[in-house]
Amino acid sequence: MRYLLIAAALALSNPAAAAGNAEKGKTAFLQHGCWQCHGTVGQGGAAGKALAPKPMPLEAFSVFVRHSNGPMPPYQKAILSDADLADIHAYLQSIPAAKDYKSIPLLNQ
Amino acid sequence: MSKQKDVKVGRRGFLKGAGLAGAAALAAPLKAAAQTPAVPARNPVPLPNKAAETQVPPALEVLTEGKSGSDFMIDCIKSLGFEYMAANPASSFRGLHESLINYGKNTSPEFLTCSHEEISVAMGHGYYKIEGKPLCVFAHGTVGLHHATMALYNAWCDRVPVYVVIGNTMDAQMRRPGIEWNHTAQDAAAIVRDYTKWDDYPASLQHFAESSVRAYKIAMTPPTAPVLIVADGSLQEDPIPEGLKLRIPKLPQVAAPQGDSGAVAETAKLLVNAENPVLIADRYARTQSGANRLVELAEILQCPVIDTSSRLNLPSRHPLNQSGRARAHVSRADVILGLEMTDYWNSLNTFRDQVHRTSERIVRDNAKTIHLGSGDLYIKSNYQDFQRFTEVDLAIAADGETTMPALIEAVKKLVDAGNKSKYEARGKKLAADHMADLQRTRLDATHGWDASPISTARLCMETFGAVKGLDWSIVSQSGNVSNWLNRLWPLEQHHHWLGRSGGYGVGYGAPASVGASLANRDLGRFSVNIQSDGDLMYAPGVLWTAAKHKIPQLAVMHNNRAYHQEVMHVQRLSNFRNRVANLSGDMGPVGTMIQNPDIEYHKLAESMGWWAKGPIKDPAQLGPALREAVKVVQSGQPALLNVWTQPR
C-alpha cells in the first residue's frame, strides 16, 4: 500500500513517461530475470504475481521495481536502465488478455 | 569329488581347524602361485588357481553349511510382515541376500533391485505414505549407508518409518583384506544416528530377533521415524550352532499416545467458545480415518482449516478449507489449534528475507495458541529440523490423529443450540470465501494458458483431464508448480496427496514416487507423478527399478530446465548487491540452469524400459500425449512425458 501511494504521487508529478518498445522489452524481460518469478508471459505463479495482462501504470511499475522491499528484490538503475524498464512495461502491455476460464473446460471441473 | 560334510562349525572354528589340520590346503595355492611364470601384475583380482580348484579338499575343510544365521534373520524379518525389501546388492549383507532369495523364496519380502541406496530408502518413504507400513531396506555397510543418508534425513523430517538393515563385520580377523575393511565401521550406525529413531548392533541371533522386533515397534510408534539394525557379517554367515534355541518375539499392536484428558477438555472449551477459532494441520493425518475426523471437527465448529499440504488433512474442495487465506485467518484468530506442526512458528509469524532479516508475530496478543502433536515426545539436537521455538499456551504431547476422537467428543458435549447458530453463520461466510478463492484461482490459471513453454497450470489441469475418471493418486510433486494441484485438483482422499519430501533434500521425488506407485499398484490405483527435471537427475536409476519390477506410473515432467529455486536466490542476491546476474549464455545465472545441452529425459526413460515421449512444448499437444500415456500405464508399464514448462 505504501508503494502504491508513492507510485500514485509520482504518477501525478511525472505523467510523461517514455513509451517503450515491446519487442525489446521481451528480450529485457528475459535477460533481467523477470521471467524467473513471473513467467515468460508475465502470468505469475507461486513466486511472483501476474504482471500481465493490464500491468499497473508505468510510473507505479517503476517505483515498485526500483524500491521493492518485499518478496521481490529491487532493481535499481545500476542494473536496469529506465529505457529497459519502459520496454519491459511495453512488453507486458502487449500481452493479450487471457481467455475467460468458463470457456476452458479443464478449468471447470 | 569327496562327499561334503554337513558339519555345524562356525567360521571361527573352521579357521581354527584349518590352521591346525588344513595347512596343506592353505599351502597349495602358495606353491602353485610360486610355480607360475613371473608376469607383471596388471589385474588386482586374484587369478584362478587351477591346482586348488581341481584337488580334492582336505577332509576337515568345511565347504558348505546347513542353516545359517542369516536364515534365522530372514525368519525375523518375515515375522514383521514386510512385503518388499529394496536394496542395491552388496557383499556385507550377502548372507542375508542369499537367505532371502533361496531360503526365503524371495517372497514377503520380495527383493526390489535398486541402483542406489538413496533410491531404496526414498522408495520406502513413498511406499509408507500409501501402505501405512514400512519398507525393508538392506544397505551395504558404510558406503551404502552413506548413499542412503539423504533419503533417511528426508524420511526423518517427514516422520516416515523406514526399516534399514546394513551389513558390517565387527570381528577384524573375519574381514576379508582390503575392501571389507573400507566398508566396516566400529559404530556403523553413527553416521545416521542424528536422524534415525533407534539403532542397534545385535551380538547374537537371539539379540537380533529381539532388536528387529523392537526396531519395528519403535519405528511405528508416533512420532514414526526410520530405524536401523546392523546385521553382523559373521552372525549372518556362521552356521546356527546345533541345539541353539532361538525365539522370535511377537510384534505387539502399537497404540499411539493419546492426549491428556484435562488438556483435551481445555482445548475443546477454548475452541467452542472462540469467536474465530482456526485449525492448522501439518503432518496430522496418517490415514483416511484421520482426515475424516478432522472434517468432522471442522464441521462441528464451522471453523477455517489451514492445510499445510504435508499430508492430505482436509479435502481441497471442502468449503472450510481456507488454506489460501492462512495469514488472514491466523491474524484475526482468538484460538489457534496446530495439529502435528513441524514448523508452527512459520504459521504464526512472518519473516522477511532482506539484507536485514526481520520477523514479526502476526497472532493477536490475547489469542490462545495450542499445539497437539507427537513431535515433543522425541527430538534430537544436532539437525535443526525442529524449527524455531514456538510460543504457545498449551502444548499437548500426543498423537494428533489418535487424540482427535476424544477432542471431537469433548467439543460435542459443549456445543449448544446458541453455538450452532453462530457456527452456521460463520460456516456460510467461509464457504462463500472458499468459492471466491476457487474462482479467482481458475482465473489466475488462464494467464499464460496457451504459452510455450507450457504453463504449470495447464500442465496440471491437462493431467487431471487425462486421469479424472480413474482412482488416481498423486504420488509425488517435485519442484514447484505454483500449488496448482492443491488449488485446482479435487483432492478428496488421503491417497490423493502424499505431501512432500520432509527435509527438502532434492532427489526425493522420483524414487519416492516409485515406492508409492508400488503400493498403489497392489491396491489397483493409478499413480501420477509430477516429476521435476532437477529432482530426476539425482537418482534416475529408479526408472529402471520401476520398469524391472513392473511398477506402473504416469510421470509428467515439469521440465523447466533449471534448478529454479536457486535461479531466483542468485538473482535476488545479485539485485541486493546491485550487480547484473551473469547468465553466460543461459537463461538464468551461471550454475543454476539445466540447459545447453538440454537433457532428453524421454530418451533416458526409454533406455530404462519406460514408454516415453517428448519434448512437448506446444500446449495443444499435451492432452493427446497424456491420453496415450494413460493407456500405456493402464497396461502395466510406466510412462513418462517430457514436458517443457514455465519456471513455476
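### A few points about the overall build of chain A
Here's step 1: When you go through chain A residue by residue, the secondary structure sums to five helices and zero strands.
Here's step 2: Taken from N to C terminus, the helices and strands of chain A fall in the order α-α-α-α-α.
Here's step 3: When each of the 109 residues of chain A is scored for burial, the buried share is 45%.
Here's step 4: Long-range pairs, those at least 24 residues apart, make up 61% of the contacts in chain A between residues at least 6 apart in sequence.
Here's step 5: On chain A, roughly 5,700 Å² of surface is accessible, and the fraction owed to carbon and sulfur atoms is 62%.

### Here's the deal with the packing of aromatic side chains
The relation between two aromatic rings is expressed through the spacing of the ring centres and the mutual angle of the planes.
All names here are of chain B.
Here's step 1: Applying the stated rule across the entire model yields 13 aromatic pairs over all chains.
Here's step 2: With a centroid separation of 5.5 Å and 65° between ring planes, the pair formed by Phe-93 and Phe-138 is classed as edge-to-face. Placement of the pair is Phe-93 in the loop between strand S1 (84–87) and helix H5 (94–103) and Phe-138 in strand S3 (residues 136–139), with a sequence separation of 45 residues. As far as the burial class goes, Phe-93 and Phe-138 line up, both buried.
Here's step 3: Grouped by ring-pair contacts, the aromatic residues Phe-82, Tyr-163 and Tyr-216 constitute a single cluster.
Here's step 4: One Lys or Arg, Arg-175, reaches over the ring of Trp-181 and ends 4.3 Å from the middle of that ring.
Here's step 5: In this arrangement the basic side chain of Arg-487 is found over the ring face of Trp-484, its NZ or CZ atom lying 4.2 Å from the centre.

### Points about a nonpolar patch on the surface
All names here are of chain B.
Here's step 1: Taken together, Val-506, Met-537, Tyr-538 and Tyr-563 make up a surface patch of nonpolar side chains, about 350 Å² in accessible area.
Here's step 2: Take Tyr-563: it is sitting in the loop between strand S16 (554–558) and helix H22 (564–576).
Here's step 3: For Tyr-563, a relative accessible area of 33% gives the class partly exposed.

### Structural notes on helix H15 (residues 400–414) of chain B
Residue and element names in this part refer to chain B.
Here's step 1: For H15, with 15 residues, the first-to-last C-alpha span of 20 Å sits near the 21 Å given by 1.5 Å per residue.
Here's step 2: Most pronounced at Ala-406, the bend in H15 amounts to some 25°.
Here's step 3: Among all positions of H15, only Gly-400, Glu-401, Thr-403, Met-404, Leu-407, Ile-408, Ala-410 and Val-411 are buried.
Here's step 4: Buried residues along H15 sit in contact with helix H11 (261–273), helix H12 (288–301), strand S9 (335–339) and strand S12 (368–373).

### Observations regarding the confidence of the model for chain B
Residue and element names in this part refer to chain B.
Here's step 1: Per-residue confidence for chain B gives a mean pLDDT of 92, with 91% of residues at or over 70.
Here's step 2: Note that residues 1–43 has pLDDT below 50 and, in this model, 41 contacts with residues that lie over four places away or in other chains.
Here's step 3: Among the scores for the predicted complex, ipTM is 0.88 and pTM is 0.90.

### Things to note about the packing of helix H4 (residues 58–67) of chain A against helix H5 (residues 82–94) of chain A
Residues and elements named next belong to chain A.
Here's step 1: Interhelical geometry of H4 versus H5 gives an angle of 120° and a closest axis separation of 10 Å. Relative to H5, the element H4 lies oblique. As for the relative orientation of H4 and H5, their crossing is right-handed in sense. Between H4 and H5, the contacting residues are Leu-58, Phe-61, Ser-62, Val-65 and Arg-66 on the first element and Asp-82, Leu-85, Ala-86, Ile-88, His-89 and Leu-92 on the second.
Here's step 2: In terms of residue class, the contact of H4 with H5 is built from seven nonpolar, two polar and two charged.

### Description of the interface of chain B and chain A
Here's step 1: In this complex, chain B contributes 39 residues to the contact, which on the side of chain A involves 36 residues.
Here's step 2: Taken together, the two surfaces of chain B and chain A that pack against each other cover about 3,100 Å², and 58% of this comes from carbon and sulfur.
Here's step 3: Taken as a group, His447(B), Asn575(B) and Met587(B) account for 18% of the area that chain B buries against chain A, more than any other trio of residues on that side.
Here's step 4: Inspection of the chain B/chain A interface yields one salt bridge.

### Side note on the side chain of Asn559(B)
Residue and element names in this part refer to chain B.
Here's step 1: Topologically, Asn-559 is positioned in the loop between S16 and H22.
Here's step 2: Among the residues examined, Asn-559 registers a relative accessible area of 1% and is labelled buried.
Here's step 3: Other than its neighbours up to four places away in sequence, Asn-559 contacts Asp-533, Ile-599, Tyr-601, Asn-642, Val-643, Trp-644 and Thr-645.

### Some thoughts on the confidence of the model for chain A
Here's step 1: Here chain A shows a mean pLDDT of 87. Residues at 70 or above account for 83%.
Here's step 2: Residue range residues 1–17 of chain A is modelled with pLDDT below 50. Its contacts to residues more than four positions away, or to other chains, number 13 contacts.

### As for the sheet that holds strand S4 (residues 163–168) of chain B
All names here are of chain B.
Here's step 1: One open sheet holds the six strands; their spatial order is S2-S1-S3-S4-S6-S5, and the pairing between them is parallel. Two strands in the sheet have a free side with no partner beyond their single neighbour: strand S2 (110–113) and strand S5 (198–200). On average, each strand axis in the sheet is inclined to that of its neighbour by 25°, with strand direction left out of account.
Here's step 2: Bridge count between S5 and strand S6 (residues 227–232): three bridges; the pairing is parallel. Its bridge partner being in S6, Asp-200 is matched across the sheet by Ile-229.
Here's step 3: Most of the contacts of H5 go to S2, to which it runs at about 125°, and overall it touches S1, S2, S3, S4 and S6.

### Here we look at the side chain of His602(B)
Here's step 1: Secondary-structure assignment places His602(B) in helix H23 (residues 601–607).
Here's step 2: With residues up to four places along the chain from it excluded, the contact list for His602(B) reads Ala612(B), Lys613(B), Gly614(B), Pro615(B), Leu640(B) and Asn642(B).

Conventions and cut-offs
- Residues numbered from 1 in each chain as written.
- Chains lettered and ligands numbered in written order.
- Predicted model: local features only at pLDDT ≥ 70, side-chain atom pairs only at ≥ 80, totals over all residues.
- Heavy atoms only, no water.
- Helix = DSSP H or I, 4+ residues; strand = E, 2+ residues; numbered from the N terminus.
- Buried < 20%, exposed > 50% of the residue type's maximum accessible area, 1.4 Å probe, protein only.
- Contact = heavy atoms within 4.5 Å.
- Areas by Shrake-Rupley, 256 points an atom, 1.4 Å probe, with all protein chains shown as cover.
- Phe/Tyr/Trp six-rings, centres within 6.5 Å; stacked < 30°, edge-to-face > 60°.
- Lys NZ or Arg CZ within 6 Å of the ring centre and 35° of its normal.
- Patch = residues over 30% accessible without salt bridge, like charges linked within 9 Å, V, L, I, M, F, W, Y side chains within 5 Å.
- Salt bridge = Lys/Arg side-chain N within 4 Å of Asp/Glu carboxyl O.
- Expected span 1.5 Å × (residues − 1).
- Bend = angle between axes of the 7 residues up to and from the residue.
- pLDDT = per-residue confidence, 0-100.
- Axes fitted to C-alpha atoms, helices over the stretch in contact; angles between N-to-C directions.
- Parallel < 35°, antiparallel > 145°, perpendicular 65-115°, else oblique.
- Left-handed = near helix turned anticlockwise from the far one by under 90°.
- Nonpolar A, V, L, I, M, F, W, Y, C, P; charged D, E, K, R; others polar.
- Buried area = accessible area lost by both parts, 1.4 Å probe.
- Pairing = 2+ DSSP bridges.

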